[in-house]
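One-letter residues, chain by chain:
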Amino acid sequence: MCGIVGFTGAAQAPPILLDGLAKLEYRGYDSAGMAVQNAAGKIEVVKAKGRLKVLSEMTDGGSAVPGSCGIGHTRWATHYSRDQKIAVVHNGIIENYQEIKERLINKGFSFVSQTDTEVVAQLLDYYYMGESAGNALDAITRMMLHVRGSYALGVLFADEPGVIYAVRKDSPLIVGKCEDGAIIASDVPALLKYTRTVYYIDNLEIARLTPDSIEFFNIDKEPITRESTTIEWDAEAAEKGGYEHFMMKEIYEQPAAVRDTISPRLKDGQIDLSELALDEEAIRNVHRLYIIGCGSAYHVGMVARYVFESLARIPVEVDVASEFRYRNPVLEKDALAMVISQSGETADTLAALRLCKERGVRTIGIVNVVGSSIAREADATLYTWAGPEIAVATTKAYSTQLAACYLLAVEFARVRGKIEEEKYAELVAELQILPDKIAVCGFSAGGHLALSGAVLDIPGETAQQRPNAVILGYPVVTAGEFAHRGSFVQLAGSEDAAAQQAFTLEDQVTSDTPPVFVWHTMEDKTVPVENTLLLLAALRRAGVPCEAHLFEKGAHGTSISTAEVDAADPHRAHWVALCLEWLGETFGFKLS
């Protein structure tokens with residue numbers, strides 16, 4: 001798996017190519033290269049072994065290779081045709097490249113590498129200079145008819161300055177329209193900085209990009225129409241955001257990602273799956289469930305099988321997608337196939353989806369990327385809304401896929417009459433607080449979590465007499481624009497409450513955490529009591545002195561300053577008294 005990028009427009013292309021390739025470094029590579037076309041059409045190819053920074057330094061950040069049209073590639077770099085009039089970047093694999101290479105060698109072609117990408121460039125040259133008589137679109141379609149495998153291609157022709165051809169079969173490829181041009185990429189993060197208006201190319205289709213237009217063609221060279229899609233992710237979502245690496249960032253994004261998956265589907269205490277256009281009669285008529293995925297998505301299916309079978313009492317088969325079609329499965333017409341893929345472009349999973357559809361089995365795709373191939377081809381799609389997952393090792397994509405399966409299993413169980421309404425309500429309530437539990441479990445295991453803080457006036461003549469303690473009201477998760485926010489407030493000897501040290505997302509429970517006092521009221525349903533209980537468990541495991549009080553009544557307040565206590569708020573007065581009593585007992589203060 002490698003990354004490709006292309007740009008044509010008013011701006012200089014090389015810096016955009018380097019920036020886009022940097023967003024695709026997670027895909028793994030051993031070299032990088034780019035082909036840049038100047039205004040006269042001349043194509044210059046620059047390659048470098050090793051990390052992308054070597055290529056960047058070689059080209060002075062791209063400024064040493066002028067041109068407003070270009071394509072870039074990680075791993076195996078970029079390839080010319082023999083006369084350097086065609087340049088190609090390629091993501092995928094050409095299965096019959098060796099036999100094509102032998103044919104071209106017999107026709108007088110020579111090769112400078114062992115890659116299948118160079119075979120594509122030379123085959124294009126063979127048709128372009130021969131049967132296609134200089135027609136680029138015709139040469140591309142002839143090439144497509146003769147190669148087997150998967151590919152996403154970006155192609156430049158010296159005879160067509162400012163034009164990029166994008167070609168796709170099975171490998172992901174996205175086309176975007178920018179303010180000052182057009183861009184292609186093998187994954188969304190590479191183009192988020194430049195546009196959110198994208199087009200997904202279907203199999204065996206071609207896009208022709210110029211600075212002002214994007215045209216689409218099928219393999220018969222007939223013009224076709226493609227609808228644009230708006231990517232909702234922002235550019236910051238594909239950045240590390242201060243974390244050491246993407247995997248750490250994405251671990252801590254799990255509570256918000258799971259919330260985004262679950263919350264839109266919970267309405268008035270019910271699970272709403274109307275987006276699937278799957279009515280209750282259809283659910284009752286499902287007699288078997290096939291869950292198909294690759295890698296971590298397969299493992300989601302393994303867990304989901306236990307949930308569906310135990311709750312909904314539906315027999316479930318789970319298959320690795322790469323094996324599914326080759327075992328020639330016996331599929332039942334009254335079954336439902338769930339295909340799971342973060343990208344929505346996993347080739348084997350997509351092939352399994354198509355086999356199910358061919359045999360008349362209804363399909364549901366559980367995917368993250370809007371407009372992806374699986375999302376377009378499945379009968380219905382359940383998006384996980386996890387945002388871009390850059391790290392190769394999955395975190396939030398796995399969690400959100402599993403959350404989606406739980407939603408489906410619980411609703412299937414209700415509709416099929418396998419659980420009582422009381423149990424259903426209990427499970428829905430658990431789904432609602434699941435994101436908070438995930439966050440607090442991470443915290444109690446030594447992770448990070450922001451908590452809402454309380455400021456308490458401590459009597460004392462000097463700041464130095466104040467105790468080193470943490471007063472907490474409502475441990476809550478920081479997740480989402482309208483979620484609870486805040487931090488520990490540590491009373492560390494400052495008379496100015498605003499200057500007191502605050503524990504933030506960078507802090508965790510350790511043996512050095514100062515003594516903690518926590519209160520929680522059951523009346524306020526915005527914060528689950530599990531947060532408090534899990535926090536206390538973490539404190540006790542770390543050996544931190546702590547005390548907690550759970551109250552039946554009381555309003556949520558971020559301050560319990562003694563100056564704010566009045567007769568209208570008796571609960572707050574009670575909390576203040578308990579805090580002062582605890583401080584006196586813990587630190588030996590004589591409090592008036």
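Reference entry: report on the structure contained in this document. Since the structure is predicted, the reported quantities are computational estimates derived from the model, not experimental observations.

Quick notes on the rules
Residues numbered from 1 in each chain as written. Predicted model: local features only at pLDDT ≥ 70, side-chain atom pairs only at ≥ 80, totals over all residues. Heavy atoms only, no water. Pairing = 2+ DSSP bridges. Helix = DSSP H or I, 4+ residues; strand = E, 2+ residues; numbered from the N terminus. Contact = heavy atoms within 4.5 Å. Axes fitted to C-alpha atoms, helices over the stretch in contact; angles between N-to-C directions. Polar contact = N/O pair within 3.5 Å; in protein donor to acceptor, adjacent residues only side chain to side chain. Buried < 20%, exposed > 50% of the residue type's maximum accessible area, 1.4 Å probe, protein only. Arc of directions from axis to C-beta. Salt bridge = Lys/Arg side-chain N within 4 Å of Asp/Glu carboxyl O. Core = buried A, V, L, I, M, F, W, Y, C linked by side-chain atoms within 4.5 Å.

**Observations regarding the sheet that holds strand β9 (residues 174-178)**
Consideration 1: Strand order in the open sheet formed by eight strands is β3-β2-β4-β1-β10-β9-β11-β15, with antiparallel pairing between adjacent strands. The open sheet terminates on both sides in strands that have one partner only, identified here as β3 (43-49) and β15 (229-230).
Consideration 2: The strands touched by helix α1 (residues 13-22) are β1 (4-9), β2 (31-37), β4 (69-74) and β10 (181-185); relative to β4, the strand with the most contacts, the crossing angle is about 25 degrees.

**Quick word on the side chain of Glu345**
Consideration 1: Positionally, Glu345 belongs in the loop between β20 (335-341) and α11 (347-358).
Consideration 2: At a separation of 2.7 Å, a polar atom in the side chain of Glu345 contacts the side chain of Arg168.
Consideration 3: Within the structure, the side chain of Glu345 is placed 2.7 Å from the side chain of Ser373, a separation counted as a polar contact.

**Notes on helix α3 (residues 97-106)**
Consideration 1: By the burial criterion, the buried members of α3 are Ile100, Lys101 and Leu104. Buried residues along α3 cover an arc of 100 degrees about the axis, so they all sit on one side.
Consideration 2: The secondary structure elements touched by the buried residues of α3 are α4 (116-128) and α5 (136-146).

**Examining the pattern of salt bridges**
Consideration 1: Under the defined criterion, the tally for this structure stands at 30 salt bridges.
Consideration 2: Salt-bridge contacts for Glu99 lead to Arg148; the nearest nitrogen and oxygen are separated by 3.6 Å. With Glu99 in helix α3 and Arg148 in the loop between α5 and β7 (149-157), the pair connects residues that are 49 residues apart, well separated along the chain.
Consideration 3: A relative accessible area of 42% places Glu99 in the partly exposed class.
Consideration 4: Connected through salt bridges with shared partners, the residues Glu280, Glu281, Arg284, Glu411 and Arg414 form a single ionic network.

**Things to note about the environment of Gly6**
Consideration 1: Structurally, Gly6 is set in strand β1.
Consideration 2: Gly6 sits 65 residues away from Ile71 along the chain, and the two C-alpha atoms are 4.0 Å apart.
Consideration 3: Every residue in contact with Gly6, bar those within four places of it in the chain, is listed here: Leu17, Gly70, Ile71, Ile164, Ala182, Ile183 and Ile184.

**Overview of the pairing of β1**
Consideration 1: Here β1 lies mainly inside the structure; six of its six residues are buried.
Consideration 2: Bridge analysis of β1 against β4 gives five bridges, and the strand direction is antiparallel. Pairing of Thr8 across the sheet is with Cys69, part of β4.
Consideration 3: Relative to β10, β1 runs antiparallel, the two sharing five bridges. Note that in β10 the partner of Phe7 across the bridge is Ile183.

**Digging into the nonpolar core**
Consideration 1: The biggest cluster of nonpolar side chains holds 44 residues, and the ones touching the most others in it are Ile271, Ile291, Phe308, Met338, Leu408 and Phe412.
Consideration 2: Element by element, the count of residues in this core is highest for helix α13 (residues 396-415), at 11 residues.
Consideration 3: Beyond its immediate sequence surroundings of up to four residues, Phe412 is in contact with Leu278, Ile283, Phe308, Ala312, Ile314 and Leu336.

**Brief notes about the sheet that holds β20**
Consideration 1: Ordered by their spatial adjacency, five strands build an open sheet running β19-β18-β20-β21-β22, and the pairing between neighbours is parallel. What marks the edges here is a single partner per strand, and that holds for β19 (316-320) and β22 (380-383). Geometrically, the sheet is characterised by an average inter-axis angle of 20 degrees between neighbouring strands, direction not taken into account.
Consideration 2: Note: strand β18 (residues 288-293) against β20, six bridges, orientation parallel. Note that in β20 the partner of Tyr290 across the bridge is Ala337.
Consideration 3: Sitting on the sheet, helix α9 (residues 296-312) touches β18, β19 and β20, and the angle it makes with β19 is about 175 degrees.

**Observations concerning the pairing of strand β6 (residues 86-94)**
Consideration 1: Counting buried positions along β6 yields seven of nine residues, so the element is predominantly enclosed.
Consideration 2: Pairing analysis gives nine bridges linking β6 to β7, with the strands arranged antiparallel. Considered in β7, the bridge of Val89 is made with Gly154.

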